[in-house]
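Observations on the three-dimensional arrangement
So you can see what is in the structure, the chains are spelled out below.
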Amino acid sequence: MDVSAETSEKHPNIILVMADDQGWGDVGYNDHPLLKTPNLDEMAKVSLRFDRFYAAAPVCSPTRASILTGRNPNRCGVVNHGHPMRPQDTTLAEALKPSGYTTGHFGKWHLGSLEKTSPVNPGNSGFDEWFSAPNFFDMNPLMCSNGVVVQCHGDSSDVVVDRAIDFIREQVDADQPFLALVWFAAPHDPHEASQEDLALYGDDPFKGYFAEITAMDRAFGRLRREICTLGIRDNTILWYTSDNGGLDERSTGGRGKKGLLLEGGLRVPALLEWPARISSPRITDAPCVSSDIYPTLLEITKTSVSNQYPMDGISLVPLIDDTMTARPKPIGFWRYPSPGRATWSDRLLAAMMAAQTEGKEIGNPDWQDTDAGSVEKQYPEDSAPGHATWLDWPWKLHRRQQAGKVPTFALYNLKNDPYEKNNLIHQMPERADSMRAKMENWQGSVLQSLNGRDY
């Protein structure tokens, strides 16, 4: 990795906030009939609001990898939930450190082991300070603080924000620009919440899910107010989104839900507040994706990674500056048929804590991910199994292929058919063929990256 940057006293602070399983419509500002999200609603009134923002994948770990690398997650080995990110890839934290940034990760990691021996724990991925969990966590969680497991008390969202605020205060006191990733574990199941928050939603079958979102919104509001109190709001980029579509199909903003490449599994809420550059609120319907965050922040901070591996995201600086009305590049999504890896935070961190109490270095010898950088496994490059989609607004092409079978295709016009019900593949064969060629060419490039050709 060779990173260079133009130093500047005016580098913005960067706070990237992410929910876990919150769908596009799971906010009050998108007219949810029940949900109470007053803090997100307030931010939506004064920020750049993305009406068509997509997670790079319909499950959590891959989208997290896309934010850190600007790449489709399959390129860096994160083909499903629980897979570790390859240490060869340059993370956003590693890229920004030469620009003078102090970096911190707070909350859900889910990109590899937190064991001290892991090459892909947050500390070995560019973060100066980390207070992390392997996967989802709820009330009174165990957390890993810079490699040491600690018992915490209270709502999981409050626990994460408390530690993030401490970090931010330290950087402000030191007059130090910072990158802080605040990755909530809410509203992922098991949907534990306070009785007060649960009572807001009566007998709705998703009341635990909604209550977790409300608790997260409240913690987020504290974070946002702290930015104002510290006097750094104007030159702080505060970017909020979710890692995949939601669980309640009534409010996913499309057909389907988490786990699917339909709109409901990919479309997520997103808000960007940066008063120094975004002086008035507006709404954009230009398609954007989580992979865009990395190249956008590199351009803003004038950071260059000389051996940058192929990226799939684009810089949204023109959109931020209100000079981009349409996306200049399609977005590819691909669920490769590879199983996920179960990652139980409470069990893994309890084993780490027990080992550390006994003075041992390793908590779980089977969960170290010391081979995370291995590319020995090779994927066939003459086939593209699984489900992939190619979004060239307003057109979205689906490609599905089972092992040993001919792929099938479907084409939708999302502007006229947001729920992907009217397949136009036979009415528009030329458009479908053109999109198919571009998609399959892209899939070939992704497979080469997955097989380690970039390194």
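See the structure above.
Quick summary incoming for the structure in this document. (Residues numbered from 1 in each chain as written. Predicted model: local features only at pLDDT ≥ 70, side-chain atom pairs only at ≥ 80, totals over all residues. Heavy atoms only, no water.)

1. So, the environment of Ser383
- By secondary structure assignment, the location of Ser383 is in the loop between helix H10 (345-357) and strand S15 (386-392).
- A residue is classified by how much of its surface remains accessible, and Ser383, at 29% relative accessible area, is partly exposed.
- A sequence separation of 18 residues divides Ser383 from Gln401, and the C-alpha atoms of the two residues are 9.0 Å apart. (Helix = DSSP H or I, 4+ residues; strand = E, 2+ residues; numbered from the N terminus. Buried < 20%, exposed > 50% of the residue type's maximum accessible area, 1.4 Å probe, protein only.)

2. Things to note about the packing of helix H4 (residues 156-173) against helix H6 (residues 207-229)
- Between H4 and H6, the shortest axis-to-axis distance is 9 Å and the interhelical angle comes to 10°. When the axes of H4 and H6 are compared, the pair comes out roughly parallel. Side by side, H4 and H6 meet where Ser157, Asp158, Val161, Asp162, Ile165, Ile168 and Arg169 of the first sit next to Ala215, Met216, Ala219, Arg222, Leu223 and Glu226 of the second.
- Tallied by class, residues from the contact of H4 with H6 come to seven nonpolar, one polar and five charged. (Axes fitted to C-alpha atoms, helices over the stretch in contact; angles between N-to-C directions. Parallel < 35°, antiparallel > 145°, perpendicular 65-115°, else oblique. Contact = heavy atoms within 4.5 Å. Nonpolar A, V, L, I, M, F, W, Y, C, P; charged D, E, K, R; others polar.)

3. Regarding the pattern of salt bridges
- Per the counting criterion, the structure on display carries 30 salt bridges.
- One salt bridge in this structure joins Asp292 and Arg327, with 2.8 Å as the shortest N-O distance. Linking Asp292 in the loop between strand S12 (288-289) and helix H8 (293-300) with Arg327 in the loop between helix H9 (317-320) and strand S14 (331-335), this pair joins segments that are 35 residues apart in sequence.
- Overall, Asp292 belongs to the buried group, its relative accessible area being 0%.
- Residue class for Arg327 comes out buried when judged on its relative accessible area of 13%.
- A cluster of three or more residues bridged by salt bridges with shared partners is formed by Asp20, Arg64, Lys108 and Asp243. (Salt bridge = Lys/Arg side-chain N within 4 Å of Asp/Glu carboxyl O.)

4. Details of unusual backbone geometry
- In the segment running from Ala186 into Pro187, the intervening peptide bond is cis, with an omega of 5°.
- You can see Pro187 is positioned in the loop between strand S8 (178-183) and helix H5 (195-199).
- In this model, Asp189 is joined to Pro190 through a cis peptide bond whose omega is 20°.
- Along the polypeptide, Pro190 turns up in the loop between S8 and H5.
- Residues other than glycine seldom take positive phi values, yet His191 does so here, at roughly 60°.
- Along the chain, the position of His191 falls in the loop between S8 and H5.
- His191 gets classed as partly exposed once you look at its relative accessible area, which sits at 23%.

5. Digging into the pairing of strand S4 (residues 102-108)
- Most of S4 is tucked away: seven of the seven residues are buried.
- Alignment of S4 against S8, held across six bridges, turns out to be parallel. By the bridge assignment, His105 is partnered in S8 with Leu181.
- Note: S4 against strand S5 (residues 129-133), five bridges, orientation parallel. From the neighbouring strand, Gly107 faces S5, where its bridge partner is Ser132. (Pairing = 2+ DSSP bridges.)

6. Let's talk about H6
- The terminal C-alpha atoms of H6 lie 33 Å apart, and with 23 residues this matches the ideal 33 Å at 1.5 Å per residue to within 8%.
- With 17 of its 23 residues buried, H6 lies for the most part within the structure.
- Positive phi appears at Gly231, one or two residues downstream of H6, with a value of about 75°. (Expected span 1.5 Å × (residues − 1).)

7. Overview of the sheet that holds S14
- In spatial order, the strands read S14-S15-S16-S17; together these four strands make up an open sheet with antiparallel pairing. Looking at the sheet topology across the chains shown, the edges are occupied by S14 and strand S17 (408-413). Strand-to-strand twist of the sheet, defined as the mean angle between neighbouring strand axes without regard to direction, takes the value 15°.
- Alignment of S14 against S15, held across five bridges, turns out to be antiparallel. Paired with Gly332 across the strands is Trp390, a residue of S15.
- Contacting S14, S15, strand S16 (395-401) and S17, helix H11 (residues 429-450) runs over the sheet at an angle of about 60° to S16.

8. Here we look at the pairing of strand S6 (residues 142-145)
- Alternating positions in S6 separate into two faces, Leu142 and Cys144 on one and Met143 and Ser145 on the other, with burial throughout.
- In terms of strand pairing, S5 meets S6 through two bridges, oriented antiparallel. Looking across to S6, one finds that Ser132 is bridged to Cys144.
- Relative to strand S7 (residues 148-151), S6 runs antiparallel, the two sharing four bridges. Considered in S7, the bridge of Ser145 is made with Val148.
- Taking the residues that link successive antiparallel strands as the turn, the S6-S7 hairpin has two residues, and the phi of Asn146 there is positive, at about 50°.

9. Some details on the packing of aromatic side chains
- If you walk through the whole model with that rule in mind, you get 17 aromatic pairs.
- Seen in terms of ring centroids, Tyr336 and Tyr379 are 5.2 Å apart; in terms of plane orientation they differ by 90°. Their pairing is edge-to-face. Taken together, the residues Tyr336 in the loop between S14 and H10 and Tyr379 in the loop between H10 and S15 connect sequence positions 43 residues apart.
- An aromatic cluster is present here, built from Tyr201, Phe206, Tyr209 and Phe210 joined pairwise through their rings.
- Here the guanidinium or amino end of Arg267 rests over the ring plane of Trp24, the centre of that ring lying 4.1 Å away.
- Sitting over the ring of Trp344, Arg347 keeps its end group 4.5 Å from the ring centre. (Phe/Tyr/Trp six-rings, centres within 6.5 Å; stacked < 30°, edge-to-face > 60°. Lys NZ or Arg CZ within 6 Å of the ring centre and 35° of its normal.)

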